[in-house]
Amino acid sequence: MTDVKNAGPRRNAVEQLPLAFSHDAATGRDDLLISARLAAAVSIVDAWPHWPSRVVILAGPVGSGKSHLANIWKDHSGAVDIHPKAGANAAVDAANGPVLFEDVDRLGFDDNELFHVINSVRENGHSLLMTSRLWPMSWPVELPDLRSRLKAATVVEIGEPDEELLSQVIVKLFADRQLYIDDKLVLYIVNRMERSLNAAQTIVDRLDRLALSRGTKITRTLAAEVLNELGNSEPSD
């Protein structure tokens, strides 16, 4: 039966203590796995500080890689995180250097505060990167001046990860745990999983923990169990 080759020393050390360890996945620029759907977003991040506009928005579904790219840009630019809400003084941070506002559509914002942030980066020659699941035209903006500023921003769409990228991500996530997975098992998982990078992370975490708790290898049977638990059943023939 297909399984993964487990790194001996690592398994022996933790077999008797199957806790929810935190594995620090490599998330630097050199570790970024690039597919056609991610290429435009990678290019804009790599192009900084020579952006076509002071404000760039990465828009894409959950698990599409927005946060990975945002973290790469943050490390490269020295940007600070902001949340433009009333009383946050985010515009002050924007006057001092590059700023990052993640999960715009989920966290929400104050129209006036975001308007002042955008004005601040423009006036001081800095940059603002925002990430969102929705395009800015779908944000609940009531201030006309802010709507105008957002129309001038550079928006880059990130599509859902394809099978090739998901396969690469799963291999990488197992490698981060010193586990080396068989191609057939990777394909089995990819063909049955939700199309998101978050799902890949969840599946690998659960497989690793379940195998540790039972003292077994990661097999197709174990993968099927985890996938079924997550609502990813066997496709019909």
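Here, the structure is the one placed above.
Everything in this summary refers to the structure shown in the same document. (Residues numbered from 1 in each chain as written. Predicted model: local features only at pLDDT ≥ 70, side-chain atom pairs only at ≥ 80, totals over all residues. Heavy atoms only, no water.)

**Regarding the pairing of strand β2 (residues 55-59)**
In terms of burial, β2 is largely enclosed, as five of its five residues are buried. Here β2 shows no split at all, with V55, I57 and A59 on one side and V56 and L58 on the other all buried. Two strands pair when backbone bridges link them, and β2 and strand β5 (residues 128-132) are joined in this way by five bridges, in the parallel orientation. Across the sheet, I57 pairs through a bridge with M130, a residue of β5. (Buried < 20%, exposed > 50% of the residue type's maximum accessible area, 1.4 Å probe, protein only. Helix = DSSP H or I, 4+ residues; strand = E, 2+ residues; numbered from the N terminus. Pairing = 2+ DSSP bridges.)

**Points about the environment of L227**
In this structure, L227 sits in helix α11 (residues 220-229). For the pair L227 and R206, spaced 21 residues apart in the sequence, the C-alpha separation amounts to 9.6 Å.

**Considerations on the nonpolar core**
Among the nonpolar cores identified, the biggest contains 28 residues, and I170, F174, I189, M193, L207 and I218 are the most heavily contacted of them. Of all the secondary-structure elements, those providing two or more residues to this core are α8 (163-176), α9 (183-190), α10 (197-214) and α11. No other element matches α10, which puts eight residues into this core. Contact partners of I170, with chain neighbours within four places excluded, come to I181, V186, I189, V190, M193, A200 and V204. Among the nonpolar cores identified, the runner-up in size contains 22 residues, and A90, F101, F115 and V117 belong to it. (Core = buried A, V, L, I, M, F, W, Y, C linked by side-chain atoms within 4.5 Å. Contact = heavy atoms within 4.5 Å.)

**Looking at the side chain of T154**
Tracing the backbone through its elements, the reader meets T154 in strand β6 (residues 154-157). At a separation of 2.7 Å, a polar atom in the side chain of T154 contacts the side chain of S53. (Polar contact = N/O pair within 3.5 Å; in protein donor to acceptor, adjacent residues only side chain to side chain.)

**Here's the deal with the sheet that holds β6**
Strand pairing in a sheet is mediated by backbone hydrogen bonds. Such pairs are either parallel or antiparallel. Across the sheet, which stays open at both edges, the five strands sit in the order β3-β4-β5-β2-β6 with parallel pairing between neighbours. Every other strand in the sheet has two partners, leaving β3 (80-81) and β6 as the edge strands with one partner each. Two elements, β2 and β6, share four bridges in a ladder whose sense is parallel. Counted as the bridge partner of I57 is V155 from β6. Here helix α3 (residues 66-77) sits on the sheet in contact with β2, β3, β4 (99-101) and β5, set at roughly 165° to β5. Packed on one face of the sheet, helix α6 (residues 111-124) meets β2, β4 and β5 and runs near 140° to β5. (Axes fitted to C-alpha atoms, helices over the stretch in contact; angles between N-to-C directions.)

**Topic: the environment of S213**
Note on placement: S213 falls in helix α10. According to the relative accessible area criterion, S213 is partly exposed, its value standing at 44%.

**Focus on the pattern of salt bridges**
Considering all chains together, one arrives at eight salt bridges under this definition. Between D103 and R106 there is a salt bridge whose closest N-O contact spans 2.8 Å. R106 sits in the exposed class, given a relative accessible area of 53%. In this structure, the salt-bridge partner of R133 is D105, at a minimum N-O distance of 2.7 Å. Linking R133 in the loop between β5 and α7 (144-151) with D105 in helix α5 (residues 104-107), this pair joins segments that are 28 residues apart in sequence. Relative accessible area serves as the criterion here: at 41%, R133 is assigned to the partly exposed category. According to the relative accessible area criterion, D105 is partly exposed, its value standing at 23%. (Salt bridge = Lys/Arg side-chain N within 4 Å of Asp/Glu carboxyl O.)

**Brief notes about the packing of α6 against α7**
For the pair α6 and α7, interaxial distance at closest approach is 9 Å and the crossing angle is 45°. By the angle between their directions, the pair α6 and α7 is classed as oblique. As for how α6 packs across α7, the hand of that crossing is left-handed. Together, D111, L114, F115, I118, N119 and R122 of α6 and D145, L146, R149 and L150 of α7 make up the contact between the two elements. Of the residues assigned to the contact of α6 with α7, the class counts are five nonpolar, one polar and four charged. (Parallel < 35°, antiparallel > 145°, perpendicular 65-115°, else oblique. Left-handed = near helix turned anticlockwise from the far one by under 90°. Nonpolar A, V, L, I, M, F, W, Y, C, P; charged D, E, K, R; others polar.)

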